[in-house]
Amino acid sequence: MSRSVIIEQAGGPEQLKLTEAQVGDPGPGEIRIRHKACGLNYIDIYQRTGLYPLPLPHALGMEAAGIVEAVGEGVTHLKEGDRAAYAAVPPGAYADARVMPAAQVCPLPDGISFEEAASIMLQGMTVEYLFHRTWPLEKGQTVLFHAAAGGVGLLACQWARSEGIELIGTAGTDAKCKLALDMGASHCINYRETDFAPEVKKITGDKGVDIVMDGVGKDTFDASLDCLKPLGMMISFGNASGPVEPVSLLTLASKGSLKMTRTTLFTFLADHDRCQAMAKHLFEKVESGDVKTNIGQRYKLEDIAEAHRALEARETTGSTVITL
Ligand code: NDP
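Cut-offs used in this document
As a convention, each chain's residues are numbered from 1 in the sequence order in which they are written. With the structure being a predicted model, the display of local features is reserved for residues of pLDDT at least 70 and the display and counting of side-chain atom pairs for 80 or more, all residues being used for whole-chain, interface and lining totals. In computing side-chain values, all of the structure's heavy atoms are included and hydrogens and water are not. Using protein atoms alone on a 1 Å grid, points that fit a 1.4 Å probe yet trap it form a cavity, whereas open point sets bounded by protein on both sides within 12 Å along at least five of seven lines form a pocket; residues with an atom within 4 Å of a point count as lining. Grid points are joined across faces, edges and corners, and a volume is the space filled by probe spheres set on the points. The secondary structure listing takes helices from DSSP runs of H or I that are at least 4 residues long and strands from runs of E that are at least 2 residues long, numbered from the N terminus. The residue classification treats Ala, Val, Leu, Ile, Met, Phe, Trp, Tyr, Cys and Pro as nonpolar and Asp, Glu, Lys and Arg as charged. All others, Gly included, are polar. Note that the domain bounds reflect an automated or database-derived domain assignment. Relative accessibility under 20% of the residue-type maximum defines a buried residue, over 50% an exposed one, and the middle range a partly exposed one, all with a 1.4 Å probe and only protein chains included. For two strands to be treated as a pair, DSSP must find no fewer than two bridges joining them. Only rings of Phe, Tyr and Trp enter the pairing, Trp through its six-membered ring, and a pair is recorded when the two centres are within 6.5 Å. The plane angle decides the type: under 30 degrees is stacked, over 60 is edge-to-face, the rest tilted. In this scheme, Lys NZ or Arg CZ marks a charge over a ring once it lies within 6 Å of the ring centre and within 35 degrees of the ring normal. We call a residue near a molecule or strand when any one of its heavy atoms sits within 4 Å of it. Throughout, the Shrake-Rupley method with a 1.4 Å probe supplies accessible areas, and for residues the shown protein chains are the sole cover considered. What decides whether a molecule sits in a cavity or pocket is whether more than half of its atoms lie within 2 Å of the grid points. Two residues form a contact once any of their heavy atoms are found within 4.5 Å.

Turning next to the layout of surface pockets. Looking at the largest pocket, its volume works out to about 980 Å³. Tyr42, Tyr46, Ala147, Gly215 and Ala240 are, among the 46 residues lining the largest pocket, the residues nearest its centre. Going through the elements one at a time, α1 (42–49), α2 (114–132), α3 (151–163), α8 (265–269), α10 (304–312) and β16 (319–323) are the ones with two or more residues in the lining of the largest pocket. Ranked by residues supplied to the lining of the largest pocket, first place goes to α2 with 4 residues. Residues of the lining of the largest pocket, tallied by class, amount to 21 nonpolar, 19 polar and 6 charged. Two domains share the lining of the largest pocket, each providing at least three of its residues, namely domain 1 (2–121 + 266–323) and domain 2 (139–262). Its volume calculated, the second largest pocket comes out at about 170 Å³. Listed by contribution, the elements that provide at least two residues to the lining of the second largest pocket are β1 (2–7) and β7 (97–101). Classifying every residue of the lining of the second largest pocket by side-chain character gives 10 nonpolar, 4 polar and 1 charged.

Shown next, in the form of structure tokens:
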């Protein structure tokens, strides 16, 4: 038997229900994995609230680490007994064990613990594609990164420092700003107290930044365009404050022939080889010490509703791990 968290309808944290079910055997291209730890991510909230609709009822959770118990026909990159970790669809990672497609599950090096892996697979591979696969970034360039003390944010601060990229962060409290600075941000603006666009102009000597990476969305999108240099690149990748309103293309012209994309990690992970390469790159960054994991808080699986509430209430820092 395995515990699993499901929703029967979209809504608040109270919709998260702990159930028990038998876990079967893997079919072709699948594995059965016994989890040691799971990750909590903002996408779990979008799925729970219905912003990203799922067919219901549905299990939740997009990330976990554990031990492979059985492999189905055709799976060659994993075998029974392997340590493994993943960020992958379909949702269902908030569970003791599950059967799932193998392609996006990655062998986990011995030097990275299960909890560490559960804290970095989704957020770390996001930083990997933001810095290496979305837009060519060069040493010395400047990035504005919102919610810099969050799960993705603290990994981004360190990643930027290790690549010689100047990262100007934003965060919601002075304590969060201090954390981002400690992790490698060159500046951090408390955007609940200070308008960040004029501040970014001041920091960059009126030039603006080369790239914005914005996971906050509705509240930060418009002012972020004002932070970019002419020909700058806006990467919108999240909606923690709500989805971004439709944008007129003419706005991009009038603000300096800006470029814009809205990315999702799962496009990058859909290709097996690319997914495995991204995970390998992430593990190398962690094992080299360039990027340290930041588990800000842990919750038991039975306290998953409280974990969701805290993430939505902006009470967390770094990554959140769900223990089993
Ligand atoms: P975080 O740990 O960063 O938590 C979200 C943070 O957003 C909060 O802590 C808060 O930080 C900030 N925030 C600003 N406004 C609000 C608001 N109104 N309500 C809630 N939070 C707010 O989460 P993650 O690291 O899991 O994800 C960060 C963002 O990146 C999310 O939007 C997520 O969806 C996105 N993401 C996108 C991916 C993609 O490929 N497209 C992949 C992974 C994540 P503060 O208090 O400092 O403002």
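That covers the picture; the talk isn't over yet.
Taken across its 6 residues, β1 has 5 buried, putting it largely inside the fold. Two strands pair when backbone bridges link them, and β1 and strand β2 (residues 17–21) are joined in this way by 5 bridges, in the antiparallel orientation. What sits directly across from serine 2, in β2, is alanine 21. Two elements, β1 and strand β4 (residues 58–59), share 2 bridges in a ladder whose sense is antiparallel. Looking across to β4, one finds that isoleucine 7 is bridged to histidine 58.

As a further point, take the packing of aromatic side chains. Given two aromatic rings, their pairing is described by the distance between the two centres and the angle made by the two planes. Evaluated as defined, the whole model comprises 4 aromatic pairs. Seen from their ring centres, tyrosine 42 and tyrosine 46 are 5.3 Å apart, and the 55° between their planes marks the pair as tilted. Taken as a pair, tyrosine 42 and tyrosine 46 lie in helix α1 at a separation of 4 residues, close to a single helical turn. Assessed through its relative accessible area of 7%, tyrosine 46 is described here as buried. Summarising the aromatic geometry, the rings of phenylalanine 145 and phenylalanine 237 are spaced 5.9 Å apart at their centres and angled 55° between planes, so their arrangement reads as tilted. Here the residue phenylalanine 145 occupies a position in strand β9 (residues 142–145), and phenylalanine 237 occupies one in the loop between β13 (228–236) and α7 (249–254), the gap between them amounting to 92 residues. Accessibility classification places phenylalanine 145 together with phenylalanine 237 in one group, the buried group. For arginine 83, the ring lying beneath its charged end belongs to phenylalanine 114, and the centroid distance is 4.4 Å.

Strand order in this open sheet of 3 strands is β2-β1-β4, and the pairing throughout is antiparallel. Each edge of the open sheet is held by one strand with a lone partner, namely β2 and β4.

A separate point is the site of the ligand. Near the ligand you find 30 residues, and of these Tyr129, Lys176, Tyr191, Gly215 and Leu265 are the closest. Bound to the protein, the ligand loses 92% of the 900 Å² it would expose on its own. Judged by the proximity of its atoms to the pocket grid, the ligand belongs to the largest pocket. Breaking the shell around the ligand down by element, the ones donating at least two residues are α1, α2, α3 and α10. Broken down by element, the residue count for the shell around the ligand peaks at 4 residues, all from α2. Across the shell around the ligand, the residue classes tally to 13 nonpolar, 13 polar and 4 charged.

The subject of this paragraph is α1. Burial within α1 is extensive, with 6 of its 8 residues counted as buried. Every buried residue belonging to α1 is among Ile43, Asp44, Ile45, Tyr46, Gln47 and Arg48, and all of these are buried. Those residues of α1 that are buried are in contact with β1, β3 (30–40), α2, α8 and α10. Taken from the residues just after α1, glycine 50 is the one with a positive phi, measuring 95°.

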